[in-house]
Structures are given as C-alpha cells and as structure tokens.
Amino acid sequence: MSDFQSRLNCRIDELRRLLIDLYGTDTSLEKLLLIMREYYYKRDEDLKALDQKRLDDPMWYKRSDMLGYTMYSDLFSTSLKDLKSKVDYLQKLSLKYLHLMPLLQMPLKDNDGGYAVEDFFNVDKRFGTNEDLAALTRELRKYGISLCLDFVMNHTASTHEWAKRAEEGDEY
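A few points on the structure.

Each value, and the rule that gives it
Residues numbered from 1 in each chain as written. Predicted model: local features only at pLDDT ≥ 70, side-chain atom pairs only at ≥ 80, totals over all residues. Heavy atoms only, no water. Helix = DSSP H or I, 4+ residues; strand = E, 2+ residues; numbered from the N terminus. Phe/Tyr/Trp six-rings, centres within 6.5 Å; stacked < 30°, edge-to-face > 60°. Buried < 20%, exposed > 50% of the residue type's maximum accessible area, 1.4 Å probe, protein only. Lys NZ or Arg CZ within 6 Å of the ring centre and 35° of its normal.

Side note on the environment of E167
Next up, step 1: Among the secondary structure elements, E167 is positioned in helix 7 (residues 161-167).
Next up, step 2: Sequence spacing of E167 and D88 is 79 residues, and the spatial spacing of their C-alpha atoms is 46 Å.

Description of the packing of aromatic side chains
Next up, step 1: This structure, assessed with the given rule, holds 7 aromatic pairs.
Next up, step 2: Here W60 and Y61 contribute two aromatic rings whose centre-to-centre distance is 5.7 Å and whose plane-to-plane angle is 80°, an arrangement assigned as edge-to-face.
Next up, step 3: Classification of W60 by relative accessible area gives partly exposed; the value is 22%.
Next up, step 4: Take Y61: its relative accessible area is 47%, and that puts it in the partly exposed class.
Next up, step 5: One aromatic cluster is present, built from ring pairs that chain together F4, Y40 and Y41.
Next up, step 6: Residue placement shows K42 over the ring face of Y39; its charged tip is 5.4 Å from the ring centre.
Next up, step 7: One cation-aromatic arrangement involves K86 over F76; the distance from NZ or CZ to the ring centre is 5.1 Å.

That is the geometry; function is a separate question.
See the structure below:
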C-alpha cells in the first residue's frame, strides 16, 4: 500500500463527513480523491521526505524551535528573486517558516493593501513570477525553511473572474 493510500485510509471517513457537513453530500469525493492522488504523485521527493519526518514526529509543530516570521512581500526585499538572495540571513535567524503576504495578483487600484486578490493562481508581477516563487521555495527548503501562503477566499477583488460572474447572476 502506498504512503498516500495509507494516510488517506486514516482520514477518509473524516473527509467524507466534512464534505457532507459542508455540501450536504459527498458526491464530489471521488473527484477530490483523484486530484489529491495526482498531486501527491507529482510531489517533490524532498517534500515527501518532510511529510514522513512529520509523520514520525506528530508533535513537530509544537516544538520550541518552530519559529515563523511574517513579512510583506515588498518591504524586506525588492522582489522574490531578491528575497531568494537573502535566505541565508533568514536561516541565521533560526526561521522554520516564512509567511509572505500579500503576494498574489491584485488590481493596481482598490486592492485593499494587496488583500483584494484578482487571481489566486498567479504571483503579482510587482513581486515576480510563479517561477520565481517556485525557485524561492526550493531555496528556502534547502535551508530548512518552509514557505507559508494563505488563501482567503473573501479577499477576492471585484475584478476577479468569480466576482464578475457573481455580478452577472452566476450562483457558482
């Protein structure tokens, strides 16, 4: 049995219950499982190793060395590429987690300080590209630092596709 399947088996009942609580049905469970499997098998080997390390130490997140730092994407450095060049400094601070905010594509105006997200799939060009973010993430992992990003769906800009469709009467 694969690592993915054994981990899923431990949580499948909970996942089904949560889907039913949220949507009143679990009809989307099979589609969700297909997506989860696909992404698990595409996952980098170093992340799978980190997964296993955390499984072996279930209280890893409660250790006293779990130091995280939140920073605005444009105040500590000029870009994601520039931030990549400063990772050794962050490691000297004993960071284990770096939370960048805001980071995703936003409108030029009326962006609520970056929290009105126009596209949840792309880095805002003022900070760099998705490729720059991937390179930064790999560099952080080399130094034992995990990158944290948050996705808050009610931080959606009025210029986002979802908002435009909702204004047109689309309920989904």
